[in-house]
Amino acid sequence: MRGVRSVDQVGVDERAAALAKRSIKKTSKLWALDLAIRCMDLTTLEGADTPGKVAAMCSKAVRPQPGDGSIPSVAAVCIYPAMVPHAVTALRGSGVLVASVATAFPSGQTFTDVKLAEAAGAVSAGADEVDMVIDRGAFLSGDFRKVYDEIRAVKEACGDHHLKVILETGELGTYDSARKASILAMAAGADFIKTSTGKVSPAATLPVSLVMMEAIRDFHRETGRMVGFKAAGGIRTSKQVIAYLVLLWETLGAEWMTPNWFRLGASSLLNDVLMQIAKERSGAYQSEDYFTRD
């Protein structure tokens, strides 16, 4: 990790702020909002989650706006491992993927064999993707080998299924640490790197997302391997989503502008995007009462 270059903090902050001011209009904005829906991982990660709540969310994931067939399905639903069988049943034949958090989400503080068993159990239950958390304690104490070995082992436990590696950047402290963790996760076999669990503040931010996207860009230039990016936590409005899409376009380019390589963790975000689409089409905002709850 000593060979990973440092991050220009001032440069990152200024570039992220400048890109956030970009404005897109009408047809381009509708295209961006449509893409945002197709890239969403509709998420519920609460202790009070029930099979009924997950089934209702899956229905929303498949048909976000009942009666409007022009609105696409989301990319995936993201849930706890115990809820995977219920999501698999509800989504069968829909094309919407099932993603499960694992490895002692959100803290990552348990034994490695427990983490591997949880990841393997989620896949066995029918999950298409696994979102794991890194051991931030090991990373921050300089035990990079442990972090690397755990990611490699979880990737093996997932087999051919996609592994998203959550860095929890809000606990890493610096942009340099975020870049190092990004490179480490990709070198260990991550299919996606993800900003946050959504349980720690700050969660996803534009500057740290820029740092991670630049790490993906540089890793691709060095190795030829594409790695996806997922922003999660604190993204609630269409305006925020468009800023992330602009950042993605300017940093990684058109090839990453698909659900195969870009995801957004979402709970309340979906309805805001639906309301913005309705406003762009009709010229007037509609009440939240016209949209189903996530």
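This one's a predicted model, so the numbers in the text were calculated from it and none came from an experiment. (Residues numbered from 1 in each chain as written. Predicted model: local features only at pLDDT ≥ 70, side-chain atom pairs only at ≥ 80, totals over all residues. Heavy atoms only, no water.)

A short note on the overall build of the protein chain
Phase 1: Helix and strand counts for the protein chain come out as 12 helices and 8 strands.
Phase 2: Its C-alpha radius of gyration of 18 Å places the protein chain within 12% of the 19 Å reference for a compact globule of 294 residues.
Phase 3: Referenced to the eigenvectors of the C-alpha coordinate spread, the extents of the protein chain come out at roughly 55 × 45 × 30 Å.
Phase 4: Burial status across the protein chain gives 52% buried among its 294 residues.
Phase 5: In the protein chain, the proportion of contacts linking residues at least 24 apart, taken out of those at least 6 apart, comes to 75%.
Phase 6: With the model as given, the accessible surface of the protein chain reaches about 12600 Å², and the carbon-plus-sulfur share is 51%.
Phase 7: In the protein chain, 34 side chains carry a positive charge and 33 a negative one; their mean positions are 4 Å apart. (Helix = DSSP H or I, 4+ residues; strand = E, 2+ residues; numbered from the N terminus. Rg over C-alpha atoms; globule rule 2.2 N^0.38 Å. Buried < 20%, exposed > 50% of the residue type's maximum accessible area, 1.4 Å probe, protein only. Contact = heavy atoms within 4.5 Å. Areas by Shrake-Rupley, 256 points an atom, 1.4 Å probe, with all protein chains shown as cover. Lys, Arg positive; Asp, Glu negative; His and termini not counted. Charge placed at Lys NZ, Arg CZ, Asp CG, Glu CD.)

Focus: the sheet that holds strand 6 (residues 192-194)
Phase 1: Read around the barrel, 8 strands follow the order 1-2-3-4-5-6-7-8 and close on themselves; strand pairing throughout is parallel. Sheet twist, expressed as the average angle between the axes of neighbouring strands with direction ignored, equals 25 degrees.
Phase 2: As defined by bridge partners, strand 2 (residues 76-79) adjoins strand 3 (residues 97-102) across 4 bridges and the pair is classed as parallel. In the strand pairing of strand 3, Val-77 is matched with Val-98. (Pairing = 2+ DSSP bridges. Axes fitted to C-alpha atoms, helices over the stretch in contact; angles between N-to-C directions.)

Some details on the packing of aromatic side chains
Phase 1: Taken as a whole and assessed by the stated rule, the structure comprises 3 aromatic pairs.
Phase 2: Here Tyr-80 and Phe-105 contribute two aromatic rings whose centre-to-centre distance is 6.0 Å and whose plane-to-plane angle is 75 degrees, an arrangement assigned as edge-to-face. With Tyr-80 in the loop between strand 2 and helix 4 (84-91) and Phe-105 in the loop between strand 3 and helix 5 (112-124), this pair connects stretches of sequence that are 25 residues apart.
Phase 3: Owing to a relative accessible area of 24%, Tyr-80 belongs among the partly exposed residues under this scheme.
Phase 4: Exposure remark for Phe-105: the relative accessible area of 10% places this residue in the buried category. (Phe/Tyr/Trp six-rings, centres within 6.5 Å; stacked < 30°, edge-to-face > 60°.)

What about the environment of Trp-249?
Phase 1: Looking at the secondary structure, you find Trp-249 in helix 11 (residues 238-251).
Phase 2: Setting aside residues no more than four positions away along its own chain, Trp-249 makes contact with Ala-254 and Met-257.

What is shown is where atoms sit, not what they do.
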